[in-house]
Amino acid sequence: QVQLVESGGGLVQAGGSLRLSCTASGLTFRTYAMGWFRQAPGKEREFVTGINGSGGSTDYADSVKGRFTISRDNAKNTVYLQMNSLKPEDTAIYYCAASFPPWTVVRGERSYNYWGQGTQVTVSS
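Worth saying up front: this structure is predicted, and the values here are computed from it rather than measured.

### Concerning the state of the cysteines
So, point 1. Scanning the entire structure with this criterion turns up 1 disulfide.
So, point 2. A sulfur-sulfur distance of 1.9 Å marks the disulfide that ties C22 to C96. In this structure, the disulfide formed by C22 and C96 twists by about 45° around the S-S bond and is classed as right-handed. One end of the pair, C22, is in strand β3 (residues 18-25); the other, C96, is in strand β9 (residues 92-99), with 74 residues separating them in the sequence. For the pair C22 and C96, a shared accessibility class is recorded, and that class is buried.

### Observations concerning the packing of aromatic side chains
So, point 1. The full count for this structure, using the stated rule, is 6 aromatic pairs.
So, point 2. Ring pairing ties together the aromatic residues F37, F47, Y112 and W115, which thus form one cluster.
So, point 3. The aromatic ring of Y80 is capped on one face by R19, whose charged end is 4.0 Å from the ring centroid.
So, point 4. One residue, R72, lies across the ring of F29, its end atom 4.3 Å from the ring centre.

Conventions and cut-offs
Residues numbered from 1 in each chain as written. Predicted model: local features only at pLDDT ≥ 70, side-chain atom pairs only at ≥ 80, totals over all residues. Heavy atoms only, no water. Disulfide = S-S within 2.5 Å. Helix = DSSP H or I, 4+ residues; strand = E, 2+ residues; numbered from the N terminus. Buried < 20%, exposed > 50% of the residue type's maximum accessible area, 1.4 Å probe, protein only. Phe/Tyr/Trp six-rings, centres within 6.5 Å; stacked < 30°, edge-to-face > 60°. Lys NZ or Arg CZ within 6 Å of the ring centre and 35° of its normal.

Put into C-alpha cells, the structure is as follows:
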C-alpha cells in the first residue's frame, strides 16, 4: 500500500519561511518523480514544483521561482519543499504526488500516480 505523508505546514507571517516534507512508503522511491501541488480556496489545484527521480532535474511554476526550492533524499524516501519569502497568495493546501517514470518532471496532474492527503499552509499579511 502506497502512502505519501506530508508534514511541516502551518501559519506563518508574510516574508517568513516554512519547510514541507513528504515521506513515501510502499513504493521504490527513486523510481518516481515527485511533485508539489497546491490548492487555494475557490481555485483549482495547480503545479508548484517537481523533481525527477535522481534529483538532477527540477521545474518550478513562475509564481514560486526564486522563492521555493524542491529537493529529495532517496535514502530517506522523502521530498522537501523549502518555501521562503512567503506571500499571502501562497496560502493553500499543499499536496505531494509521485509520478512514474522518474526520468522527467511533469506538470499535469494526470501524470501523477499517488497523492498525499495535503498539509495546510497559511500566510498572514
